[in-house]
Amino acid sequence: MKIAILAGDGIGPEIIAQAVQVLELLNADGLKLELEDAAYGGAGYDAHGDPLPEATLRLARAADAVLCGAVGGPQYDALPREKRPEQGLLRIRKELGLFANLRPALLFEELASASSLKPELVAGLDILILRELTGDIYFGEPRGRRTNARGERESFDTMLYSESEIRRIAEVAFKAAVKRRKKLCSVDKENVLETSRLWREVVKDVAKNYPQVELSHMYVDNAAMQLVRMPKQFDVIVTGNIFGDILSDEASMLTGSIGMLPSASLDSNNKGLYEPAHGSAPDIAGKDIANPLATILSVAMMLRYTLNLEQAAVRIETAVKKVLAEGYRTADIYQPHMRRVGTREMGAAVLNALKHGL
Ligand code: IPM
Ligand code: MG
């Protein structure tokens, strides 16, 4: 199995280094994963003038799975859109057909009081957000800027979903719900948007094949509110690209820190790109304070979804739980009387837990 490692920008290289140590330990224990690095994001632009250089895309296509850090930084903000680091990420998602983005918001009980909500509202929280990732206003054409009849600049993007795009993400969502608590909430803005009207129709249609799943529909503004009012009402949430982008950041905070949340982006054959749900955090880059756990937990998702190594995935998740139970905390999840550690020390603690088991 070949894993492409795309560290990217900001804190990307630091957190990826910790995840790579975990992969190397699994190799030492008998897995045969070949790891290969490539330039990507701002680093890709710096090295090759392109946030997704040819060679990087080739490697990502050839690999069985891709592990990414994060992309972006203020030094790239003034570049034209197609050269910006974020385009590297959007293009790799599109080129590899990674339409299903799984963003679990799972609360480790050790972190209940690190959440911005009261512990009783989040204790036991386990939500799966399924975000459609290759359509919607992110990719719809036409888009652009023009001068209108009054001589004023105006800009436009196109929110667009085809029936087949909605159907395939809905299928993934129902299948996920069947394996969980069998509740699916589809989030849209059907009271206003044409795309949402089609979305809802198609989701209802797919639902006919899954009578065991309890389906509900919610407007996105209400969903944003319900997530902070009573988050435990949700099991699986399925939604479009832009709504999912926003709601998954919101949901992440319920679990204590966005620094804890992994994600998987899968194609129809479960080939996947795995990355933390957080960004490149340029303000703390290179300071050895970023939380590497979201990236390490992304490795667990890779083992589960692409490599079919459930046991190894659980082993990593258990090791993370153990270091949290032992009180290890990076700055983002720090609480009084806990053991404050940096990126490397947190990574080392996880490795140690993996080596010595429980
Ligand atoms: C995410 C990020 C990306 C997105 C950015 C970096 C393009 O916010 O993965 O959620 O909007 O999809
Ligand atoms: Mg986002």
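Since this is a predicted model, take the numbers as computed values, not measurements.

About the thresholds
Within each chain, residues carry numbers counting from 1 in the order of the written sequence. Chains and ligands are labelled by the order in which they are written, letters from A for the one and numbers from 1 for the other. This being a predicted model, a pLDDT of at least 70 is required before a residue's local features are given, and a value of 80 or more before pairs of side-chain atoms are given or counted; all residues contribute to the totals for chains, interfaces and linings. Hydrogens and water are ignored here; the side-chain numbers use all heavy atoms of the structure. To obtain each axis, a line is fitted to C-alpha atoms, and for helices this fit is confined to the stretch in contact; angles are then taken between N-to-C directions over 0 to 180 degrees. Helix and strand definitions here come from DSSP, where helices need a minimum of 4 consecutive H or I residues and strands a minimum of 2 consecutive E residues; each element is numbered from the N-terminal end. Convention used here: angles under 35 degrees read as roughly parallel, angles over 145 as roughly antiparallel, angles from 65 to 115 as roughly perpendicular, and any remaining angle as oblique. Left-handed describes a crossing whose near helix is turned anticlockwise from the far helix through less than a right angle; right-handed describes the clockwise counterpart. Note on definitions: a residue-residue contact is assigned when non-hydrogen atoms from the two residues lie within 4.5 Å. Burial classes follow relative accessibility: with a 1.4 Å probe on protein chains only, a residue under 20% of its type's maximum area counts as buried, one over 50% as exposed, and anything between as partly exposed. Strands were regarded as paired on the criterion that DSSP finds at least two bridges between them. By convention a nonpolar core is built from buried Ala, Val, Leu, Ile, Met, Phe, Trp, Tyr and Cys residues, the set being connected through side-chain atoms within 4.5 Å. Only Phe, Tyr and Trp rings are paired, with Trp represented by its six-membered ring, and only when their centres lie within 6.5 Å; those with planes under 30 degrees apart are stacked, over 60 edge-to-face, the remainder tilted. Segmentation into domains, and thus their bounds, comes from an automatic or database assignment. When two parts are brought into contact, each loses some accessible area as probed by a 1.4 Å sphere; the total of that loss over both is the buried area. The salt bridge definition used is simple: a Lys or Arg side-chain nitrogen within 4 Å of an Asp or Glu carboxyl oxygen. When at least one non-hydrogen atom of a residue lies within 4 Å of a molecule or strand, that residue is treated as near it. Two N or O atoms form a polar contact when they lie within 3.5 Å of each other; inside protein one atom must be a possible hydrogen donor and the other a possible acceptor, and for residues adjacent in sequence the pair counts only when both atoms belong to side chains. In the cavity and pocket records, a cavity denotes points on a 1 Å grid over the protein atoms alone where a 1.4 Å probe fits but cannot get out, a pocket denotes an open set with protein on both sides within 12 Å along at least 5 of 7 lines, and lining residues are residues with an atom within 4 Å of a point. Occupancy of a cavity or pocket is assigned to a molecule whenever over half of its atoms lie within 2 Å of that pocket's grid points. Following the grouping adopted for this structure description, the nonpolar residues are Ala, Val, Leu, Ile, Met, Phe, Trp, Tyr, Cys and Pro, the charged ones are Asp, Glu, Lys and Arg, and the polar ones are all others, Gly among them. Grid points are joined across faces, edges and corners, and a volume is the space filled by probe spheres set on the points.

Focus on the packing of helix α1 (residues 12–28) against helix α10 (residues 293–305)
Inference 1: Closest axis-to-axis distance for the α1/α10 pair is 8 Å, and the angle between their directions is 40°. Taken together, the axes of α1 and α10 lie oblique to each other. Note that α1 runs across α10; the crossing there is right-handed. Within the contact between the two elements, α1 uses Ile15, Ile16, Gln18, Ala19, Val22, Leu23 and Leu26 and α10 uses Thr295, Ile296, Val299 and Leu303.

Structural notes on the pairing of strand β4 (residues 100–106)
Working note: regular strand, side chains alternate between the two faces of the sheet.
Inference 1: The element β4 is extensively covered by neighbouring structure, given that 6 of its 7 residues are classed as buried.
Inference 2: In terms of strand pairing, β4 meets strand β5 (residues 126–132) through 7 bridges, oriented antiparallel. Across the sheet, residue Ala100 finds its bridge partner in β5, namely Glu132.
Inference 3: Pairing between β4 and strand β11 (residues 262–266): 3 bridges, direction antiparallel.

Thoughts on the nonpolar core
Inference 1: Among the nonpolar cores identified, the biggest contains 68 residues, and Leu67, Leu130, Phe174, Ile316 and Val350 are the most heavily contacted of them.
Inference 2: Per element, the largest residue contribution to this core is 8 residues, and it comes from α10.
Inference 3: The residues touching Ile316, leaving out its near neighbours within four places in the chain, are Val22, Leu26, Ile296, Val299, Ala300, Leu303 and Leu354.
Inference 4: If you look at the next biggest cluster of nonpolar residues, it comprises 22 residues, including Leu107, Val122, Phe243 and Leu254.

Considerations on the packing of aromatic side chains
Inference 1: If you walk through the whole model with that rule in mind, you get 3 aromatic pairs.
Inference 2: With centroids separated by 5.3 Å and ring planes inclined at 55°, the aromatic side chains of Tyr161 and Trp199 adopt a geometry described as tilted. Residue Tyr161 is located in the loop between β7 (153–156) and α6 (163–179), and its partner Trp199 is located in helix α7 (residues 194–207); the two are separated by 38 residues in the primary sequence.
Inference 3: Ring centres 5.0 Å apart and planes at 10° place the aromatic pair Phe174 and Tyr210 in the stacked group.

Focus: unusual backbone geometry
Inference 1: The omega angle of the peptide bond from Glu141 to Pro142 is 0°, so this bond is cis rather than trans.
Inference 2: With respect to the helices and strands, the residue Pro142 is situated in the loop between β5 and β6 (144–147).
Inference 3: In this structure, Lys182 is a non-glycine residue whose phi angle is positive, near 65°.
Inference 4: With respect to the element layout, Lys182 can be found in the loop between α6 and β8 (183–188).
Inference 5: Judged by relative accessible area, which is 35%, Lys182 ranks as partly exposed.

Some words on the domain arrangement of the protein chain
Inference 1: Here the domain parsing of the protein chain yields domain 1 (1–99 + 267–358) and domain 2 (100–261).
Inference 2: Centre-to-centre, using C-alpha coordinates, domain 1 lies 23 Å away from domain 2.
Inference 3: Counting residues at the interface gives 25 residues for domain 1, matched by 28 residues for domain 2.
Inference 4: Of all residues in domain 1, the largest losses of buried area upon contact with domain 2 belong to Arg93, Phe99 and Ala277, amounting jointly to 30% of the total for that side.
Inference 5: At the junction of domain 1 and domain 2, the tally comes to 2 salt bridges.

Some remarks on the site of ligand 1
Inference 1: For ligand 1, the full set of nearby residues is Glu86, Arg93, Arg103, Arg131, Tyr138 and Asp245.
Inference 2: Side-chain polar atom of Arg93 to an oxygen atom of ligand 1: 2.7 Å apart, as the coordinates give it.
Inference 3: In this structure, an oxygen atom belonging to ligand 1 sits 2.8 Å away from a side-chain N or O atom of Arg103.
Inference 4: One can see that ligand 1 is located within the second largest pocket.
Inference 5: Split into classes, the residues belonging to the shell around ligand 1 amount to 1 nonpolar, no polar and 5 charged.

Structural notes on the pattern of salt bridges
Inference 1: Under the definition given, this model contains 30 salt bridges.
Inference 2: When the shortest N-O distance is used, the salt bridge between Asp205 and Lys208 registers 2.9 Å.
Inference 3: Taking the relative accessible area as the measure of exposure, Lys208 reaches 64% and is therefore exposed.
Inference 4: Among the charged side chains, a salt-bridge network with shared partners connects Asp126, Arg180, Arg181 and Asp235.

Some words on the layout of surface pockets
Inference 1: Counted as a void, the largest pocket has a volume near 900 Å³.
Inference 2: What lines the largest pocket is a set of 28 residues, and nearest its centre among them are Leu102, Leu128, Met301, Arg304 and Tyr305.
Inference 3: Listing elements by their share of the lining of the largest pocket, those giving two or more residues are β4, β5, α6, β11, α10 and α11 (310–325).
Inference 4: Residue composition of the lining of the largest pocket, by class: 17 nonpolar, 3 polar and 8 charged.
Inference 5: Mapping the lining of the largest pocket onto the domain boundaries places at least three of its residues in each of domain 1 (1–99 + 267–358) and domain 2 (100–261).

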